[in-house]
Amino acid sequence: MTATVHTAPRTFRVAEASSEQHSLWHSIALHLLPGVALTGFVITMNALFGLEPLLGLLVGILVVLAPLELGYLAVYARRTAGSWSPLAAVTYRTPVPWRRLTLLAVGLAAWMLVLVTLSLAVLDEWLATTVFPWLPEAILTMATVGGDDAALSTGALVAFLALFFLANGIVGPVTEELYFRGHLLPRIDRYGRGAPVLNTALFTLYHFHTPWRYPAIFLGYLPIAMASWRRRSFWVGLAAHLVINNVFLLMLATYLNGS
């Protein structure tokens, strides 16, 4: 069963939220498997080719995560709506006025950035060494900031930051919000207020490559998922996610430039 949703200037046919609800196990699998693939890629590239884990993560977003999640959405859209556009597989895309969207994005992002900053300063290294010391070294090295990054030449630093912006500043947020808040969240909305809680819990676990940051991710993204669910709009999550990742990029660039 399909419905027509009109958004200027184009029209997409999308499946109604009530036309399909994923079973719990189906939803768990769709939430977590891309994270398994991405983490596996980081570990494998480090073991086989000595690729630095953070660089492997950024490359993995482009060659593993985005193809998996956007590919799934494209195939789903083709099957249900006759379009290859991943946006046609997105149910929560109610427009939000720009002023309200901006205020929501800034407020939600500020909360998340406070939590990430506290996590970096207080929790990350401690949790990595006390709770997750059994993880592969390729994963544990991402629990600390610094190290070899200080030795980067100016050209290498610019190239790294450009890759970071492309992968983690643009492709990652767009892909994840289309997939998690736009497609998966509506398919568990039978749980009511529990839907964004479940979506956030699974989205948190999906970050297998940074388990020491689970508290910050869950507490930071729960308001984002709740706002997306209440407004039936992935645009809220996308705007906040873009602000979060790109402000973090600016913080990282400032740190590296001063090292």
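Our subject is the structure that appears above.
Small disclaimer: the values here were computed from a predicted structure and weren't measured.

Definitions and limits used
For every chain, the first residue of the written sequence is number 1, and numbering continues from 1 onward in sequence order. Local features in this predicted model are restricted to residues whose pLDDT is 70 or higher, and side-chain atom pairs enter the listing and the counts only when it is 80 or higher, whereas totals over whole chains, interfaces and linings include all residues. Where side-chain values are given, they derive from all heavy atoms of the structure, hydrogens and water being excluded. Only DSSP runs of H or I reaching four residues or more are called helices, and only runs of E reaching two or more are called strands; each is numbered from the N terminus. The span you would expect from a helix comes to 1.5 Å times its residue count less one. The bend reported for a residue corresponds to the angle between axes fitted to the seven residues ending at that residue and the seven starting there. Per-residue accessibility, obtained with a 1.4 Å probe over protein chains only, is compared with the maximum for each type, and a residue is labelled buried under 20%, exposed over 50%, and partly exposed between these values. Here is the rule: rings of Phe, Tyr and Trp (six-membered ring for Trp) pair when centre to centre is within 6.5 Å. Planes less than 30 degrees apart are stacked, more than 60 are edge-to-face, and the remainder are tilted. Only when the NZ of Lys or the CZ of Arg is both within 6 Å of the ring centre and within 35 degrees of the ring normal is a charge said to sit over the ring. Each nonpolar core is a collection of buried residues, namely Ala, Val, Leu, Ile, Met, Phe, Trp, Tyr and Cys, held together in the definition by side-chain atoms within 4.5 Å. Between two residues, a contact is recorded if the distance between any of their heavy atoms is within 4.5 Å.

**Student:** Could you give an account of helix H7 (residues 214-231), naming the residues involved and the relevant values?
**Tutor:** Between its first and last C-alpha, H7 extends 25 Å over 18 residues, near the 26 Å set by a 1.5 Å rise per residue. Along its length, H7 reaches its greatest deviation from straightness, about 30 degrees, at Tyr221, and the proline Pro223 lies no more than four positions downstream. For H7, every residue scored as buried is listed here: Tyr214, Ala216, Ile217, Gly220, Tyr221, Ile224, Ala225, Ala227, Ser228 and Trp229.

**Student:** Go over unusual backbone geometry, please, and point to the residues and values.
**Tutor:** Positive phi, close to 50 degrees, is recorded for Arg232, a residue that is not glycine. Locating Arg232 in the fold gives a position in the loop between H7 and helix H8 (234-258).

**Student:** How would you explain the packing of aromatic side chains if you had to name every residue and give the values?
**Tutor:** Counted according to the given criterion, the structure contains 11 aromatic pairs. Ring geometry for Tyr72 and Tyr179: centres 5.9 Å apart, planes at 85 degrees, overall edge-to-face. Of this pair, Tyr72 sits in helix H2 (residues 53-81) while Tyr179 sits in helix H5 (residues 154-184), and the two are 107 residues apart along the sequence. On the basis of relative accessible area, Tyr72 is assigned to the partly exposed category, the value being 24%. Under the relative-accessibility criterion, Tyr179 is labelled buried at 2%. Taken together, the ring pairs in this structure connect Tyr72, Tyr76, Tyr179, Phe180, Phe203, Tyr206 and Tyr221 into an aromatic cluster. It is Arg181 that lies over the ring of Phe203; its NZ or CZ is 4.3 Å from the centre.

**Student:** I'd love a proper account of the nonpolar core, names of residues and values included.
**Tutor:** In terms of nonpolar packing, the biggest core is built from 58 residues, with Phe160, Trp212, Tyr221 and Ile244 touching the most fellow members. Listed by contribution, the elements that provide at least two residues to this core are helix H1 (24-49), H2, helix H3 (98-130), helix H4 (137-140), H5, helix H6 (194-205), H7 and H8. Excluding residues that lie within four positions of it along the chain, Tyr221 makes contacts with Met112, Glu177, Arg181, Thr200, Phe203, His241, Ile244 and Asn245. Tyr92, Ile188, Ala195 and Trp229 belong to the second largest nonpolar core, which has 5 residues in total.

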